[in-house]
Amino acid sequence: MICPKCGKPVRESMRTCPHCGVKLTAYAGGRKGLSNEKIKSSIVEGIDLDDELVDEYKGRNINNYKKNSGGNKAGAKVPQNKGNQKLKKNMNTESKKKNSKKNTFLVILIALAAVLVSVAGTYLFRENEMKNKYQKYIKEGRAYYNQEDYSNARTRFIEAARNASSNEQQLEVYSLLYNIDVVTVGDYKEKIEFLEKLIQLDNTEVQYYKDLYVLYQNHDMESQIDTLKASAPPSVRTELDKYVGTIPRANPESGEYNTKINLELLADDDVTIYYTKDGSDVTESDSKIEYSGPIKLKKEGSYTIRACSIDKHGVSSKEVIYTYTISFVHVEEPEISVESGSYRDMKKIEATAEKGCTIYYTTDGSTPNKNSKKYKKPIEFERGNNLYRFVAINENGIPSEVVDRVYDYTPKYDCTYDSAVKTVKAKYGELDEYNETADGKTASFDFVEVAEIDKQDYYIIEYSGEEDDDHQKYAVSTKDGSCHKVSGSNGDYDLK
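Quick caveat, the model's predicted, so the values are computed rather than measured.

Turning our attention to the sheet that holds strand β21 (residues 483-489). The strand order across the open sheet formed by 5 strands is β18-β19-β20-β21-β22, and the pairing between neighbours is antiparallel. Edge positions in the sheet fall to β18 (444-453) and β22 (492-495), since each has one partner strand and no second. Within this sheet the neighbouring strands show an average axis-to-axis angle of 40°, counted without direction. Those strands touched by helix α10 (residues 417-425) are β18, β19 (456-464), β20 (471-477) and β21, and its axis lies near 50° from that of β19.

As a volume, the largest pocket reaches approximately 620 Å³. Taken together, 25 residues make up the lining of the largest pocket; nearest its centre are Tyr-178, Val-182, Asp-211, Asp-311 and His-313. Those elements that place two or more of their residues in the lining of the largest pocket are α5 (167-183), α6 (188-201) and α7 (206-218).

Attention now moves to the pattern of salt bridges. Counted by the stated rule, this structure contains 14 salt bridges. Residue Asp-220 is joined to Lys-318 by a salt bridge in which the shortest nitrogen-to-oxygen separation is 3.2 Å. With Asp-220 in the loop between α7 and α8 (223-231) and Lys-318 in the loop between β7 (301-310) and β8 (320-326), this pair connects stretches of sequence that are 98 residues apart. The class of Lys-318 is partly exposed, set by a relative accessible area of 26%.

On to the side chain of Asp-457, then. By secondary structure assignment, the location of Asp-457 is in strand β19. Residue class for Asp-457 comes out buried when judged on its relative accessible area of 17%. Within the structure, the side chain of Asp-457 is placed 3.0 Å from the side chain of Arg-383, a separation counted as a polar contact. Not counting residues up to four positions away in its chain, the partners in contact with Asp-457 are Arg-383, Tyr-413, Val-450, Ala-451, Glu-452, Val-476, Ser-477 and Thr-478.

For the rest of this paragraph, the subject is the packing of α6 against α7. Where α6 contacts α7, the axes come no closer than 10 Å and their chain directions differ by 150°. Put simply, α6 runs roughly antiparallel to α7. Once α6 is placed against α7, the crossing between them reads as left-handed. Seen from α6, the contacting residues are Tyr-188, Lys-191, Ile-192, Leu-195, Glu-196, Leu-198 and Ile-199; seen from α7, they are Tyr-208, Tyr-209, Asp-211, Leu-212, Leu-215 and Tyr-216. When grouped by side-chain class, the residues that make up the contact of α6 with α7 number 10 nonpolar, no polar and 3 charged.

In the predicted model, the chain carries a mean pLDDT of 83, and 83% of its residues have values of at least 70. Within the chain, the lowest mean pLDDT, 44, falls on helix α1 (residues 36-44), and the highest, 97, falls on strand β13 (residues 358-362). Throughout residues 26-80 the model reports pLDDT below 50, and contacts reaching past four residues in sequence, or to other chains, amount to 68 contacts.

This part takes up the nonpolar core. Judged by nonpolar contacts, the single largest core of 36 residues is most densely connected at Phe-157, Val-173 and Tyr-174. Listed by contribution, the elements that provide at least two residues to this core are α3 (82-146), α4 (150-162), α5, α6, α7, α8 and α9 (234-242). At 8 residues, the largest contribution of residues to this core is made by α5. For Tyr-174, the residues in contact, after removing those within four places along its chain, are Ala-161, Phe-194, Lys-197, Leu-198 and Leu-201. Core analysis: the second largest hydrophobic core is formed by 22 residues, Tyr-303, Ile-305, Val-320 and Val-331 among them.

What counts and what doesn't
- Position numbers for residues start from 1 in each chain and track the written sequence from start to end.
- Per-residue local features of the predicted model are confined to residues with pLDDT of at least 70, and side-chain atom pairs are confined, for both listing and counting, to 80 or more; whole-chain, interface and lining totals are unaffected and use all residues.
- Processing note: side-chain calculations cover all non-hydrogen atoms of the structure and skip hydrogens and water entirely.
- Should DSSP find at least two bridges between two strands, the strands are taken to pair.
- Per the convention used, a helix needs a DSSP run of H or I reaching at least four residues, while a strand needs a run of E reaching at least two, with both numbered from the N terminus.
- Axis geometry follows a simple rule: fit a line to the C-alpha atoms, using only the stretch in contact for helices, then measure angles between N-to-C directions, giving values from 0 to 180 degrees.
- Should any heavy atoms of two residues lie within 4.5 Å, those residues are considered in contact.
- In this analysis the probe radius is 1.4 Å and the grid spacing 1 Å, with only protein atoms considered; a cavity is a set of points the probe fits into but cannot get out of, a pocket is an open set with protein on both sides within 12 Å along at least five of seven lines, and lining residues have an atom within 4 Å of a point.
- Grid points are joined across faces, edges and corners, and a volume is the space filled by probe spheres set on the points.
- For this document, the term salt bridge refers to a Lys or Arg side-chain nitrogen within 4 Å of an Asp or Glu carboxyl oxygen.
- For the exposure calls, accessible area comes from a 1.4 Å probe over protein chains only, and a residue counts as buried if that area is under 20% of its type's maximum, exposed if over 50%, partly exposed in between.
- Polar contacts, as used here, are pairs of N or O atoms within 3.5 Å; protein pairs need one atom able to donate a hydrogen and one able to accept it. Residues neighboring in sequence count only if both atoms are side-chain atoms.
- Relative orientations are named as follows: roughly parallel for angles under 35 degrees, roughly antiparallel for angles over 145 degrees, roughly perpendicular for angles from 65 to 115 degrees, and oblique for any other angle.
- In this scheme the crossing of two helices becomes right-handed for a clockwise turn of the near helix relative to the far one and left-handed for an anticlockwise turn of less than a right angle.
- Put simply, Ala, Val, Leu, Ile, Met, Phe, Trp, Tyr, Cys and Pro go in the nonpolar bin, Asp, Glu, Lys and Arg in the charged bin, and everything else, Gly too, in the polar bin.
- For every residue, the predictor reports its confidence as pLDDT, a number between 0 and 100.
- Residues belong to a common nonpolar core when they are buried Ala, Val, Leu, Ile, Met, Phe, Trp, Tyr or Cys residues joined through side-chain atoms within 4.5 Å.

In C-alpha cells, the structure reads:
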C-alpha cells in the first residue's frame, strides 16, 4: 500500500508507516487512514485505474499533499486538489458509461435467454400437443378403417398427417391414405402424390416404386418411368429393370406370320388377364375371355387381340391391342398313284409329297394329322370297300389339303363263291331249291366274310338249321375249294 502521509510504499500487513511513523488506520489529526485500495475506490468509485494513471496519482497528488500540509505536521488538513477533482469527475463519467454498457448487455442476455426459454417451452408444448393429436386421429382412423368406413377413416388420417412430425409417423399415415385410395379406387393423381411422398420418406421399399410404375404406365406417363428408375437406389433399380407392370404383354408381338401361333399374354403382377378375339373393347365386352393359357391362332387370316388385366381390388389396367396376320406357306397335296375305283387285282398304293413334307393317312374316315399313321412304304389293297385319306404336313406343321381315295377290292379267286356254297350244301345231303332236306327240314347258308387263315384266303360261310343250337361255320379255300369247319369271328378263325 501507499502511505497517505509520506507517499512511500508500505507493506499491507503494517499498521504504522516505517518512514513517517503515522498510523495507517488514521491520520495524526484523528482523520481515518486510507489504504491504497480505498483511496482508489474513493476517487473512481470502484473502477480500477490503469498503471499509468495510478503512478500519476501517487506522484502528483501525494507530493501536493506534502507541500501544502508542510510535511508531517500533525493535525494538518489534506487540501483538495482541483486536478484530482477533475480526474475524479472524468473517471466517474467513464465508469458510468462502462457500467451502463455492462447493464445493457446483461439486459439483452437476460432477454435472449427468456426468449429462448419461451420458444423451447412453446416448441415442447406444441410437439406434445401434435403427438397427442396424431395418436388420437390415427386410433380413430384405424377403427373406421377396420369397419370399412373409408370416408371417415380418410378424414381422420388427413388430420393425423397434419400433426405428423416424425418420419415414422408420416410413413404410417401416408401408407394408410394410399391404401384407402387403392381400396376405394380413388383418384390416380392423389395416389401418385402419396406414393411420391412415401418414396421420399423411404426410398428402399420396392413396392412403392412398382405401384408408382403401374400408375405411370396406365395413365400415359411412361416418360416418368425412366426418371423413376434413375432416381432409385441400385438395388431397387435392378428390380425395376425386370418389372413390366400390369399391362399384358404378348409373345410373340404383333406382326405377320406364315405359321400357326400360340399367343401368350404375360403380366408380372398378381392380376387376372382378360382378352377378346373379335376386336371388341375388352373393358366393356360381355364376350371377354379369362386368359388361362396360350391363345391358338391356327387358321390363315387377320386377328385382333385386345387385352387388359384386373387386380384384386377390381382396378383395370390400360387396354392394349395386338394384331396378327397369318398367311401360311402353301403345301402341295400328296400325289396318290392309284385312283379310286373297283379292283379285282391286287394293287399297291404309293404316295409322294414335296421335299420337307411328311405324309400321314387314315382308313377309318377321320381327318389325318401328325398323330395319324405315317406313310412309309406302298400300301396293299384290303378286301372290300375302303376309304383312304392322305395329307402332307411340312416341317412348320402346315398341312396340305386332304386327298381321299375309295377302293372296292374283290380279289380274283380260283374258287368262286358259288362253288364254295355248293361245297358246304353238299355236306347236308340233297337240298331242293328252297334249301329243304328230304325230311322237310329247312337250312340256310349265309356269307360272313373272306378271312385270311394261315396266310390263305377262305370264304367264311355259316350254316343255320331250324333249331337254335343247330349252326356251324365253314371255311372254303378260295384257291382249291377245300372245306373246313372253323371256330371264331371277325377275321380271327381257327380251322378244325
